[in-house]
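Listed below are the residues making up each chain.
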Amino acid sequence: MEQIPSNTRDHFQRSGILFVISAPSGAGKTTLCTALRQKPDFVYSVSCTTRLPRPGEIEGEDYYFLSQEEFEKKITEDAFLEYAKVHGHCYGTLKKPVTEQLQRGIDVLIDIDTHGAGAIRANQDPIIQHALADVFIMPPDLEELRRRLERRGTESAAEVELRLTNAAREMECWRDYRYTIISGSMEENIEKFRAVMRAERYQSRRFSLVPKFSTSH
Ligand code: 5GP
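Computed from a predicted model, the values in this text were never measured in an experiment. (Residues numbered from 1 in each chain as written. Predicted model: local features only at pLDDT ≥ 70, side-chain atom pairs only at ≥ 80, totals over all residues. Heavy atoms only, no water.)

(A) Region of the structure containing the site of the ligand. Taken together, the neighbourhood of the ligand is formed by 18 residues, with S47, R51, Y63, Y91 and D111 sitting nearest. At 2.6 Å, a side-chain N or O of D111 approaches an oxygen atom of the ligand. Between the ligand and D113 there is a distance of 2.8 Å, counted from a nitrogen atom to a side-chain nitrogen or oxygen. Contact with the protein chains hides 96% of the accessible area of the ligand, taken as 520 Å² for the molecule alone. Put simply, the ligand lies in the largest pocket. Broken down by secondary-structure element, the contributors of at least two residues to the shell around the ligand are strand 7 (80-86) and strand 8 (89-94). For the shell around the ligand, the residue count by class is six nonpolar, five polar and seven charged. (Near = heavy atom within 4 Å. Polar contact = N/O pair within 3.5 Å; in protein donor to acceptor, adjacent residues only side chain to side chain. Areas by Shrake-Rupley, 256 points an atom, 1.4 Å probe, with all protein chains shown as cover. 1 Å grid on protein atoms, 1.4 Å probe; cavity = no way out; pocket = protein on both sides within 12 Å on 5 of 7 lines; lining within 4 Å. Sits in = over half its atoms within 2 Å of the grid points. Helix = DSSP H or I, 4+ residues; strand = E, 2+ residues; numbered from the N terminus. Nonpolar A, V, L, I, M, F, W, Y, C, P; charged D, E, K, R; others polar.)

(B) Structural view of the layout of surface pockets. The computed volume of the largest pocket comes to approximately 1,000 Å³. Of all the secondary-structure elements, those providing two or more residues to the lining of the largest pocket are helix 1 (29-36), strand 7, strand 8, helix 6 (142-152), helix 7 (157-170) and helix 8 (186-201). Here the lining of the largest pocket is composed, by residue class, of 14 nonpolar, 17 polar and 15 charged. Lining the second largest pocket, in full, are R51, L52, P53, R54, H87, H89, T154, E155, E159 and R163. Grouping the constituent residues of the lining of the second largest pocket by class yields two nonpolar, three polar and five charged. (Points joined across faces, edges and corners; volume = space filled by probe spheres on them.)

(C) Representation of the side chain of R201 in the model. The topology assignment puts R201 in helix 8. A polar contact of 2.8 Å, which involves the side chain of R201, links it to the side chain of D107. Discounting residues that sit within four places of it in the chain, R201 has contacts with R14, I17, F19, D41, F42, D107, R194 and F207. (Contact = heavy atoms within 4.5 Å.)

(D) Main features of unusual backbone geometry. At D78, a residue that is not glycine, the phi angle is positive and equals roughly 60°. Looking at the secondary structure, you find D78 in the loop between helix 2 (68-76) and strand 7. Although it is not a glycine, H87 sits at a positive phi angle of roughly 50°. Along the chain, H87 falls in the loop between strand 7 and strand 8. The buried category is assigned to H87, whose relative accessible area is 15%. (Buried < 20%, exposed > 50% of the residue type's maximum accessible area, 1.4 Å probe, protein only.)

(E) Region of the structure containing the sheet that holds strand 9 (residues 108-111). Strand order in this open sheet of five strands is 4-9-3-10-11, and the pairing throughout is parallel. Here the strands that pair on one side only, and so sit at the sheet edges, are strand 4 (43-44) and strand 11 (179-182). As judged from the two bridges shared by strand 4 and strand 9, these two strands associate in the parallel manner. Looking at the pairing, V43 lines up with V108 of strand 9. Strand contacts of helix 3 (residues 95-103): strand 3 (18-22), strand 4 and strand 9, with the helix running at about 150° to strand 9, the strand carrying the most contacts. Across the sheet, helix 8 is in contact with strand 3, strand 9, strand 10 (132-138) and strand 11; its angle to strand 11 comes to roughly 160°. (Pairing = 2+ DSSP bridges. Axes fitted to C-alpha atoms, helices over the stretch in contact; angles between N-to-C directions.)

(F) Representation of the state of the cysteines within the structure. On inspection of all chains with the given rule, the structure shows zero disulfides. Take C48: it sits in no disulfide, and the sulfur closest to it among the cysteines is that of C90, at 11 Å. (Disulfide = S-S within 2.5 Å.)

Spelled out as structure tokens, the structure:
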């Protein structure tokens, strides 16, 4: 829990923020998240997925790579804060690590699709509601997305088409988010996202004043 000194006998404590970031495939979100993670003033929520790892992806760092059976077991155990089928694969955010960090006043960043973000917005848990700050990264036009996906070369031609169809649909969702960042250079995107983080961290509603010393009578 972040503690801000005050000259009174009390001090301020800030509650944790749940930064939700969504962007269509190829909008540069993974690079943005990787860059943000270089300055670890938040915890990155590692999602579960049934898709296969891409070259260089690390189990437990990029995703928890699960079989369909393992994923379904987690659904029956009510382990997910949200889950969705994205581009033909299952993706889910584990509930426990997210709520535990938020309760400890630690900020959490999750990278999820627009359905997942909608499910989190609809979540009735007051901890989640209070913590939520959602950000949409609006990509450049679809042709540029296509070029980026083709350059990345990690998806088949059919998968690229599916991701582009989904991108067009996801781009309609920007109004649902508290913040929209029009994607520019990577440096610009990082700076804009950091500005959102700073502003969210100064919101008065995130602070509470607690007694500095516990008094025993
Ligand atoms: P990729 O396969 O490119 O890593 O991710 C594909 C999409 O799945 C991205 O839009 C990403 O934001 C989304 N995604 C990743 N993890 C989760 C998750 O836990 N839940 C949901 N709903 N979407 C996720």
